[in-house]
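# Examination of the molecular architecture
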Amino acid sequence: MNALGRAGGSALTLARRSAAGRDVAIYQACYLEEHFGTADPAFIPLDIRREPNQLWYETGLFLRHYHLGLHWRSACSGVVSPKFGLKTRLPGQAFIDFIEK
């Protein structure tokens with residue numbers, strides 16, 4: 001599996017392809033296999049199962065996002081928790097719509 005939870009292609013190539021041309025690209029952290037099946041469809045799954053700095057928590061996510069160059073692929077980008085929906089009770093598209101306004 002790659003950064004998007006799909007077979008084939010590099011993680012960076014597929015993440016860039018998924019975000020290319022979007023005004024807002026929100027990545028959802030996936031650190032367990034089951035997160036790929038429950039990821040919000042409005043978000044782009046970001047595979048962090050093999051993240052070497054897991055003890056950095058969110059800081060590590062933001063650094064990975066930056067070092068992969070994902071912030072260059074859209075006008076606005078970010079990373080959310082795999083529990084975004086449970087924590088906010090919002091669908092991902094509502095969050096993206098809010099950002100776009």
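Before reading further, recall that the structure is shown in the block above.
Let me sum up the structure you'll find in this document.

## Things to note about helix H3 (residues 58–67)
All of the buried residues in H3 are Gly 60, Leu 61 and His 65. Each buried residue of H3 lies within a common arc of 140° when the element is viewed along its axis, so the set occupies one face. Turned more than 90 degrees off the buried face of H3, the exposed positions are Tyr 66 and His 67. In the segment just after H3, Gly 69 is the residue with positive phi, at about 75°.

## Observations regarding the packing of aromatic side chains
According to the stated counting rule, one finds three aromatic pairs in the structure shown. With centroids separated by 5.1 Å and ring planes inclined at 50°, the aromatic side chains of Phe 84 and Phe 95 adopt a geometry described as tilted. Separated by 11 residues along the polypeptide, Phe 84 in helix H4 (residues 84–88) and Phe 95 in helix H5 (residues 92–100) bring together distant segments of the chain. By relative accessible area, which is 8% here, Phe 84 ends up buried.

About the criteria used
Residues numbered from 1 in each chain as written. Predicted model: local features only at pLDDT ≥ 70, side-chain atom pairs only at ≥ 80, totals over all residues. Heavy atoms only, no water. Buried < 20%, exposed > 50% of the residue type's maximum accessible area, 1.4 Å probe, protein only. Helix = DSSP H or I, 4+ residues; strand = E, 2+ residues; numbered from the N terminus. Arc of directions from axis to C-beta. Phe/Tyr/Trp six-rings, centres within 6.5 Å; stacked < 30°, edge-to-face > 60°.

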